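A look at the structure
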Amino acid sequence: MRFKNKGRKIYKTKEKNYYGKSPGAKVLSAVLTVFLIGGIGFIGYSLAEPVINYTKKQGDESVPTTEGTTAPEEPVTEEPQEGGAVKDDTGSQPEEQVNYELYKAVSLSVNDLISENSLELALSAIQKNEEIEYIQVPLKVRGGLIYYAASSYEAQQCGAVQSQLTLETIRSAIINKGYKPAALVSTFYDNILPSTFPGTGYVVYGTGSQWIDDDYDAGGKPWVTPYSEAANEYLKGIIDEISAAGFERIVCSDFVFPEFRESDYALLDPQLSAPDRYLALTSAANLFYEQIISNNSRMILEVSASDILKGRTEVLQSMLLPTNTVIVEINIDEIKQGVSDGWTLYEFTGTPAEMTKKMLGFITDKLKGFNVGVRVTGTHITNDEMLDAEEEIKKAGLHSYVFG
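Residues numbered from 1 in each chain as written. Predicted model: local features only at pLDDT ≥ 70, side-chain atom pairs only at ≥ 80, totals over all residues. Heavy atoms only, no water.

1. Quick word on unusual backbone geometry
The phi angle at D254 is positive, at roughly 60°, despite the residue not being glycine. Along the polypeptide, D254 turns up in the loop between β4 (249–253) and α7 (262–265). Judged by its relative accessible area of 6%, D254 falls in the buried class. (Helix = DSSP H or I, 4+ residues; strand = E, 2+ residues; numbered from the N terminus. Buried < 20%, exposed > 50% of the residue type's maximum accessible area, 1.4 Å probe, protein only.)

As structure tokens, this is what we get:
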């Protein structure tokens, strides 16, 4: 490698000439400097007030200050988004969660929706409680059955419709009793639709044959998949019909995948093994939310407490969900059998209130960032046991709840 010979650098210096001032010139210079500083100060003082008045927004108040003191700063508070919990600037979770969307409801059963008479009897049997604002009706339940006169062609063809009560009949009966109507809609826990329309369910990768969750002899069933456009349109249509009929809250549940085994993953599309598969669930939640909002209703998400322990609530991605109000269902009949995540067996004994308290202790940390309510369900829970469970819910700092 050759190096260029830059040669010797020559540095030059520039001489400065200094001229001394006479005493008279020095005095004159000082006087002029004083006048110049005073003039600048006067002009600045004259212009300051008009500039401040010009830039101050209408409605702002002047903050008086005195020399040597600083005006105290007003505390800044961050208003939470609607339905959210107040954030703690210290990073710690507040002892009591402040709910900005309270949802206090009694849920009817599917048997209450068989006929108009059964609906009236169920509504009349509800014990008066000044805190209860909504009556929640299960219009589409786990498994896929529908308990109103759905107009959907697919619902009628697959035999999902189990009641001929119209949405207007149900809504009017609830309002006439002094309550607001709300609906519970199960989404992807649907084994009926894909039995008639296989394209809405999971298929074996490469062959296109229908996947079921067990052998036929063992009662294996197909499941609706969030990756099916036809399935999402079916659910969207049902949600549109219900929200447009005047139901003020639509509680959407069962945003879940089946409990796949390793042998199932070997048969299914590789995207079901991907860590970002939750995007299919959150995308569906956003689709349904937009439809509900367009009908001037509100969406609430429901998840199972057992699924939280099992790690099956992938939909709980707070940054991707359109709503952060979440109802946690604690099914007493289910959890008293124990809940296993494959590594740990969670056991629950005692009264419904004691089991509710224990479950909330397990799952509260997994729900940070959400506006949480609790739904306690069970076949043989008395009214007094429900009230005891309500007290445990309140002690946990939660004030939204659903009974039944």
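From this point on, the discussion continues.
2. Quick look at the sheet that holds strand β3 (residues 180–186)
Taken together, 8 strands build a closed barrel; the order of strands is β1-β2-β3-β4-β5-β6-β9-β10 and the barrel is parallel. For this sheet, the mean inter-axis angle between neighbouring strands, taken without regard to orientation, is 30°. For strand β1 (residues 104–107) and strand β10 (residues 400–403), the ladder comprises 3 bridges, and the chain directions are parallel. Bridged to A105 within β10 is V402. Against the sheet, helix α11 (residues 352–363) contacts β6 (325–331) and β9 (371–377), and its axis sits at roughly 130° relative to β6. Against the sheet, helix α12 (residues 383–395) touches β9 and β10, its axis set at about 160° to β10. (Pairing = 2+ DSSP bridges. Axes fitted to C-alpha atoms, helices over the stretch in contact; angles between N-to-C directions. Contact = heavy atoms within 4.5 Å.)

3. Describing the pairing of strand β2 (residues 134–140)
Burial analysis of β2 places 7 of its 7 residues in the buried class, the great majority of the element. Pairing analysis gives 3 bridges linking β1 to β2, with the strands arranged parallel. When the sheet's bridge partners are listed, V106 is paired in β2 with I135. In this view, the connection linking β1 to its parallel neighbour β2 by way of helix α2 (residues 116–124) has right-handed handedness. (Right-handed = clockwise from strand over helix to strand, strands pointing away.)

4. Observations concerning a nonpolar patch on the surface
Together, L279, M319 and L320 give the surface a local cluster of nonpolar side chains, amounting to about 320 Å² of exposed area. Tracing the backbone shows M319 in the loop between α9 (305–310) and β6. (Patch = residues over 30% accessible without salt bridge, like charges linked within 9 Å, V, L, I, M, F, W, Y side chains within 5 Å. Areas by Shrake-Rupley, 256 points an atom, 1.4 Å probe, with all protein chains shown as cover. Salt bridge = Lys/Arg side-chain N within 4 Å of Asp/Glu carboxyl O.)

5. What about empty space enclosed by the protein?
As enumerated under the stated definition, the model contains 1 cavity of 30 Å³ or more in all. Lining the largest cavity are R142, S253, D254, F255, V256, E302, V303, S304, D307, R312, T313 and V315. The element that contributes the greatest number of residues to the lining of the largest cavity is strand β5 (residues 298–304), accounting for 3 residues. (1 Å grid on protein atoms, 1.4 Å probe; cavity = no way out; pocket = protein on both sides within 12 Å on 5 of 7 lines; lining within 4 Å. Points joined across faces, edges and corners; volume = space filled by probe spheres on them.)

6. Observations concerning the packing of α2 against helix α4 (residues 167–176)
α4 packs onto α2 with a crossing angle of 25° between their chain directions and a minimal axis gap of 10 Å. One element, α2, and the other, α4, form an angle in the roughly parallel class. Every pair of crossing elements has a handedness; the one defined by α2 and α4 is right-handed. Contacts between α2 and α4 involve E116, L119, E120 and L123 from the first element and T169, I170, A173 and I174 from the second. Across the contact of α2 with α4, the residue classes break down as 5 nonpolar, 1 polar and 2 charged. (Parallel < 35°, antiparallel > 145°, perpendicular 65-115°, else oblique. Left-handed = near helix turned anticlockwise from the far one by under 90°. Nonpolar A, V, L, I, M, F, W, Y, C, P; charged D, E, K, R; others polar.)

7. Examining the nonpolar core
Within the largest apolar cluster, 88 residues are counted, with the highest numbers of intra-cluster contacts made by L139, I170, I242, F255 and V328. Take this core: its biggest share by element is 6 residues, from helix α6 (residues 229–244). Not counting chain neighbours up to four residues away, the residues in contact with I170 comprise L113, L119, V137, L139, Y147, Y148, L165 and F247. In this structure, Y103, A105, V251 and V402 belong to the second largest nonpolar core, which totals 9 residues. (Core = buried A, V, L, I, M, F, W, Y, C linked by side-chain atoms within 4.5 Å.)

8. Description of the packing of aromatic side chains
Counted according to the given criterion, the structure contains 13 aromatic pairs. On the basis of an interplanar angle of 40° and a centroid distance of 5.1 Å, the ring pair of Y103 and Y134 is categorised as tilted. Placement of Y103 in the loop between α1 (23–55) and β1 and of Y134 in strand β2 is noted, with a sequence separation of 31 residues between them. Both residues of the pair, Y103 and Y134, belong to the buried class. Pairing F255 with F288 gives two aromatic rings, centres 6.0 Å apart and planes at 45°, and the pair type is tilted. (Phe/Tyr/Trp six-rings, centres within 6.5 Å; stacked < 30°, edge-to-face > 60°.)

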